[in-house]
Amino acid sequence: MSKLKSLFAFLGVTMLAVAACDVPTTPTPDTPTATAVIPTAPPVATATPTEDGEEPVPSATSNPVISLPDPSGYTWTAFVSGLERPVDLTYAPDGSAYLFVVEQPGLIRVIENGRVLSEPYLDIRDRVGSSGNEQGLLGLAFHPNYAENGYFYVNYTDKNGDTHIARFQVTADPLTADPGSEKQLLFVGQPYGNHNGGGIAFGPDGYLYFGLGDGGSAGDPEGRAQSLDTYLGKLMRIDVDNGDPYAVPADNPFVNGGGLAEIWAFGLRNPWRFSFDTATGDLYIGDVGQNQWEEIDAAPGNPGGLNYGWKYYEATHAYEGSPPADLNAVMPVAEYDHSQGCSITGGYVYRGSALPAFNGVYLYGDYCSGSVWGLLQQANGEWQDQLLFASGAQIASFGVDQAGEIYLLDLNGDILKLVSR
Ligand SMILES: [Ca+2]
Ligand SMILES: [Ca+2]
């Protein structure tokens, strides 16, 4: 996580790229053991591996992959192109093979068999404002029971720059949603044009999560990220299946007071992208940094009420103010400085089937440098973090399809898919 370690990681990749033809994936030298990460499995009596040649049986939450793969065997290949500022990609959990891509000016487009359909799924350019680089239609999440209710949820900024969390519904035509079906869940005024967050996703608990930045400007001038009286600089968690327009889950951290009831996590600067590991439910957040440091936060088990430290800390580094003694800030599991990029783009833990060497690996990138890193927790709890790819893209987001395969979105209009060579 230090510059030094990042440098070693980069050198390692470079050397592999130069030297590797048939070099098998090897554990990194500082990985102490080759035992599998099985956090919730019953304790093993000894550390001795089975000697009868049997494969260890991974539990549902284990990572059979114990070391990051040799990236030279994989590449980001062109998937679709010609989009206008694509910023989010997801699928409808209804068994269809369609992919849905969000275009920042206010469209959702459908991808069928690697082809972008000409008719948009949703067009709300009439109410979306995207004059600023960080404004627009920013995030999309389909309801887990979309096949039955046709609901999906978006995170967007309007013509005044203010945030809306809203629900829409599909029409009788599965490829067309109704722009007139908008139901507003939450309106949040924005004091500045930037740092609007934008991510929105259902958690493994069936609740809807969405992230908002600290409001903007620079250095969180009004201290919003640490204030529990504003949605800015937070991750929220709501129950869209009860209440009108929603209910607050009874186990939200501030449901009985102390802060806004919808808040799930705080101390965030601009959590542009976050995701849940579909196998473990663990939460990962890419929180964009201020002057020097970009960070990935991870919350195994996704507990509520975590404080990610901004603006006392920019990643692991003191930023401004004296933290109170009881701060208990959660430090990132990975960080890099601005010699390696400028704005972090959180990604996904790979759980597809085409690339088994990536199973359990969290992939994330940088908007400016196009670098893609892999992050993997080791048996001893340490995180292996390594630069894997130079994508050449302006990475606005990552996305996964229903099969768990992973894509990256280039803000210039392209979507790339990770494949083996
Ligand atoms: Ca803002
Ligand atoms: Ca932080």
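These lines cover the structure that appears in this document, whether it is placed above or below. Quick caveat: nothing in here was measured; it's all calculated off a predicted structure. (Residues numbered from 1 in each chain as written. Chains lettered and ligands numbered in written order. Predicted model: local features only at pLDDT ≥ 70, side-chain atom pairs only at ≥ 80, totals over all residues. Heavy atoms only, no water.)

### Points about the overall build of the protein
Helix and strand counts for the protein come out as two helices and 28 strands. Burial status across the protein gives 54% buried among its 421 residues. A sequence separation of at least 24 residues applies to 57% of the contacts in the protein between residues at least 6 apart. (Helix = DSSP H or I, 4+ residues; strand = E, 2+ residues; numbered from the N terminus. Buried < 20%, exposed > 50% of the residue type's maximum accessible area, 1.4 Å probe, protein only. Contact = heavy atoms within 4.5 Å.)

### Some remarks on the state of the cysteines
Under the defined criterion, the tally for this structure stands at one disulfide. Shown here is the disulfide that connects Cys342 with Cys368, its sulfur atoms set 1.7 Å apart. With the S-S bond torsion at 45 degrees, the cross-link from Cys342 to Cys368 turns out right-handed. With Cys342 in the loop between strand S21 (334-337) and strand S22 (344-349) and Cys368 in the loop between strand S23 (362-366) and strand S24 (371-377), this residue pair connects regions lying 26 residues apart in the sequence. Given the relative accessible area of 29%, Cys342 is considered partly exposed. (Disulfide = S-S within 2.5 Å.)

### Digging into the coordination of the calcium ion (ligand 2)
In the first shell of the calcium ion (ligand 2), the protein supplies Glu295 (OE), Glu295 (OE) and Tyr308 (O), at 2.3 to 2.8 Å from the metal. Here Tyr308 lies in the loop between strand S18 (306-307) and strand S19 (313-314) and Glu295 lies in strand S17 (residues 293-299), a separation of 13 residues in the sequence. Each member of the pair, Glu295 as well as Tyr308, carries the same accessibility label: buried. (Donors = N, O, S within 2.8 Å, 3.2 Å for Na, K, Ca; no water.)

### Observations concerning the sheet that holds strand S13 (residues 234-238)
Taken together, the five strands give an open sheet; going across it, the order is S11-S12-S13-S14-S18, and neighbouring strands pair in mixed fashion. With one partner strand each, in any of the chains shown, strand S11 (200-202) and S18 form the two edges of the open sheet. (Pairing = 2+ DSSP bridges.)

### Side note on the packing of aromatic side chains
For the structure shown, the criterion picks out 24 aromatic pairs. Aromatic side chains Trp76 and Phe389 sit 6.0 Å apart centroid to centroid with 85 degrees between the ring planes, which places their arrangement in the edge-to-face category. With Trp76 in strand S1 (residues 74-80) and Phe389 in strand S25 (residues 383-390), the pair connects residues that are 313 residues apart, well separated along the chain. As far as burial versus exposure is concerned, Trp76 and Phe389 are alike and both buried. Taken together, a centroid distance of 4.7 Å and an interplanar angle of 40 degrees make the contact between Trp310 and Tyr319 tilted. (Phe/Tyr/Trp six-rings, centres within 6.5 Å; stacked < 30°, edge-to-face > 60°.)

### Some points on the pattern of salt bridges
If charged atoms from side chains of opposite charge come close, those side chains can pair. Counting across every chain of the model gives ten salt bridges. Taking the shortest distance from any N to any O, the salt bridge between Arg125 and Asp123 comes out at 2.8 Å. Of the residues examined, Arg125 reaches a relative accessible area of 42% and is grouped as partly exposed. Overall, Asp123 belongs to the partly exposed group, its relative accessible area being 30%. Each of Asp126, Arg127 and Glu182 takes part in salt bridges that share partners, so that together they form one network. (Salt bridge = Lys/Arg side-chain N within 4 Å of Asp/Glu carboxyl O.)

### Some thoughts on the coordination of the calcium ion (ligand 1)
Donor atoms from the polypeptide that bind the calcium ion (ligand 1) are Gln190 (OE1), Tyr192 (O), Asn194 (O), Asn196 (OD1) and Gly215 (O), placed at 2.3 to 2.5 Å. Every donor residue of the calcium ion (ligand 1) comes from the same chain, spaced as Q-x1-Y-x1-N-x1-N-x18-G.

### Remarks on the side chain of Arg167
With respect to the element layout, Arg167 can be found in strand S9 (residues 163-170). Here Arg167 is buried and forms no salt bridge, its nearest opposite-charge partner Asp244 lying at an N-O distance of 6.9 Å. (Lys, Arg positive; Asp, Glu negative; His and termini not counted.)

### As for the sheet that holds S21
Spatially, S15-S16-S17-S21 is the arrangement adopted by the four strands of the open sheet, whose pairing is antiparallel. Single-partner strands in this sheet number two, and they are strand S15 (273-276) and S21. The average undirected angle you get between the axes of adjacent strands in this sheet is 10 degrees. Inspection of the sheet shows S17 paired to S21 by four bridges, in the antiparallel sense. By the bridge assignment, Glu295 is partnered in S21 with Glu335. (Axes fitted to C-alpha atoms, helices over the stretch in contact; angles between N-to-C directions.)

### Here we look at the pairing of strand S26 (residues 395-400)
The buried count for S26 comes to six of six residues, which makes it a mostly enclosed element. Here S26 pairs with strand S27 (residues 406-410) via five bridges, running antiparallel. Looking at the pairing, Ile395 lines up with Asp410 of S27. Hairpin connection between S26 and S27: a loop of five residues separates the two successive antiparallel strands, and Gly404 in this loop has a positive phi of roughly 90 degrees.

### Digging into the nonpolar core
Most often, soluble globular proteins have nonpolar side chains that are buried together. Grouped together as the largest cluster of nonpolar side chains are 41 residues, with contacts concentrated most on Ile108, Tyr121, Phe152, Val154, Ile296 and Tyr364. For this core, the element with the highest residue contribution is strand S7 (residues 137-142), accounting for four residues. (Core = buried A, V, L, I, M, F, W, Y, C linked by side-chain atoms within 4.5 Å.)

### What to know about unusual backbone geometry
A cis geometry characterises the amide bond from Asp244 onward to Pro245, with omega recorded as 5 degrees. Note on placement: Pro245 falls in the loop between S13 and strand S14 (263-266). In this chain, Trp310 is followed by Lys311 through a cis amide linkage whose omega measures 5 degrees. One can find Lys311 in the loop between S18 and S19. In this structure, Arg85 takes a positive phi of about 45 degrees despite not being glycine. Overall, the relative accessible area of 29% leaves Arg85 in the partly exposed class.

### Things to note about the environment of Asn307
Turning to its location among the elements, Asn307 is positioned in strand S18. Excluding residues that lie within four positions of it along the chain, Asn307 makes contacts with Gln226, Phe266, Gly267, Leu327, Asn328, Ala329 and Val330. Of note is the side chain of Asn307, whose polar atom sits 2.9 Å from the side chain of Gln226. There is a polar contact of 2.9 Å between the side chain of Asn307 and the backbone nitrogen of Gly309. (Polar contact = N/O pair within 3.5 Å; in protein donor to acceptor, adjacent residues only side chain to side chain.)

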